[in-house]
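# A closer look at the structure
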Amino acid sequence: MILALIAVNVAVSLAAFRALSEEGRGRAFLFIPYEVARGENGLGMLLAHFAHGGFLHLLLNMYGLYSFGAPVLDALGPVRFLVVYVAAGVGSDLIVFALHRDDPTYRCLGASGSVFGIVMAAVLLDPTTSIALLFVPVPIPGPVFMLGYAIVAVVLIRRGNRGGISHEGHLGGAVVGAAVTGLLAPHGLGPLLRWLAQWR
């Protein structure tokens, strides 16, 4: 399942790399809420879930999916894993659409919303999961990272500071991924609640 998703992302991204380098052809790989709100470029909204803006963007997302996807797949099984992945992507789109449907300049692409949903699922299933960042020398407890990122994302969204990153999409994917995982996981939110209880 994970390798199949990676293969689809790689295949669509390779096509997107070429199209985005040619003027006028790249729109089919971009989610542009302004156009979707007017009944246009529905294909772009779909393909943008798998297309990426460059090799580094693709590499980071696929590394995240591969690293955190395995424990989620083991715990939930392939069908529920796919439900979380797709639901997180849809949640990502809904947040982006709600915030930017009247902005003709906004566009985004990438599997980050779905990947953040899978990362959140991994943390909910096993709150002892740690997340390592290139610029942070020590692993960060998963729940601490996700809460910290959510706060930072909300602040950046309110300030309108994108920096080329769809924080709205990441946040939407994480929130919906968490909600769906809580519903589908064998023990619901129990592992996270027990992890939090130890800090009382």
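Read on for a plain summary of the structure. The structure presented is a predicted model; accordingly, all values stated were derived computationally and were not measured. (Residues numbered from 1 in each chain as written. Predicted model: local features only at pLDDT ≥ 70, side-chain atom pairs only at ≥ 80, totals over all residues. Heavy atoms only, no water.)

## Description of the overall build of the protein chain
When helices and strands are tallied, the protein chain shows 8 helices and 2 strands. Beginning at the N terminus, the succession of helices and strands in the protein chain can be written as α-α-α-α-α-β-β-α-α-α. Relative to a compact globule of 200 residues, whose C-alpha radius of gyration would be 16 Å, the protein chain shows 17 Å and is just as compact. Along the three orthogonal principal directions, the C-alpha set of the protein chain runs to about 55 × 35 × 35 Å. Looking at the protein chain alone, contacts between residues at least 24 apart form 71% of all its contacts between residues at least 6 apart. Surface summary for the protein chain: the accessible area is close to 10600 Å², and the carbon and sulfur share equals 68%. Taken as two groups, the 12 positive and 10 negative side-chain charges of the protein chain have centres that lie 6 Å from each other. (Helix = DSSP H or I, 4+ residues; strand = E, 2+ residues; numbered from the N terminus. Rg over C-alpha atoms; globule rule 2.2 N^0.38 Å. Contact = heavy atoms within 4.5 Å. Areas by Shrake-Rupley, 256 points an atom, 1.4 Å probe, with all protein chains shown as cover. Lys, Arg positive; Asp, Glu negative; His and termini not counted. Charge placed at Lys NZ, Arg CZ, Asp CG, Glu CD.)

## Digging into the environment of Leu183
Following the sequence through the fold, Leu183 ends up in helix H7 (residues 167–184). Separated by 46 residues in sequence, Leu183 and Pro137 have C-alpha atoms that sit 34 Å apart.

## Some thoughts on the side chain of Asp93
As for its position among the elements, Asp93 is in helix H4 (residues 55–100). Exposure remark for Asp93: the relative accessible area of 13% places this residue in the buried category. When near neighbours in sequence (up to four residues on either side) are disregarded, Asp93 contacts Phe31, Met45 and His49. (Buried < 20%, exposed > 50% of the residue type's maximum accessible area, 1.4 Å probe, protein only.)

## Quick look at the pattern of salt bridges
Oppositely charged side chains can pair when the atoms bearing their charge come close. For the coordinates displayed, the defined rule picks out 2 salt bridges. Across the pair Glu35 and Arg27 runs a salt bridge whose closest N-O atoms are separated by 2.2 Å. Its relative accessible area of 11% is what places Glu35 among the buried residues. The salt bridge partner of Asp102 is Arg38, with a shortest N-O separation of 4.0 Å. In this pair, Asp102 is assigned in the loop between H4 and helix H5 (112–125) and Arg38 in the loop between helix H2 (33–36) and helix H3 (42–47), connecting sequence segments 64 residues apart. (Salt bridge = Lys/Arg side-chain N within 4 Å of Asp/Glu carboxyl O.)

## A closer look at the packing of aromatic side chains
The tally for this structure, following the rule as stated, stands at 3 aromatic pairs. Note on Phe116 and Tyr149: the rings are 5.1 Å apart at their centroids and 40° apart in plane angle, and the pair reads as tilted. Linking Phe116 in helix H5 with Tyr149 in helix H6 (residues 142–159), this pair joins segments that are 33 residues apart in sequence. With respect to burial, Phe116 and Tyr149 carry one shared label: buried. (Phe/Tyr/Trp six-rings, centres within 6.5 Å; stacked < 30°, edge-to-face > 60°.)

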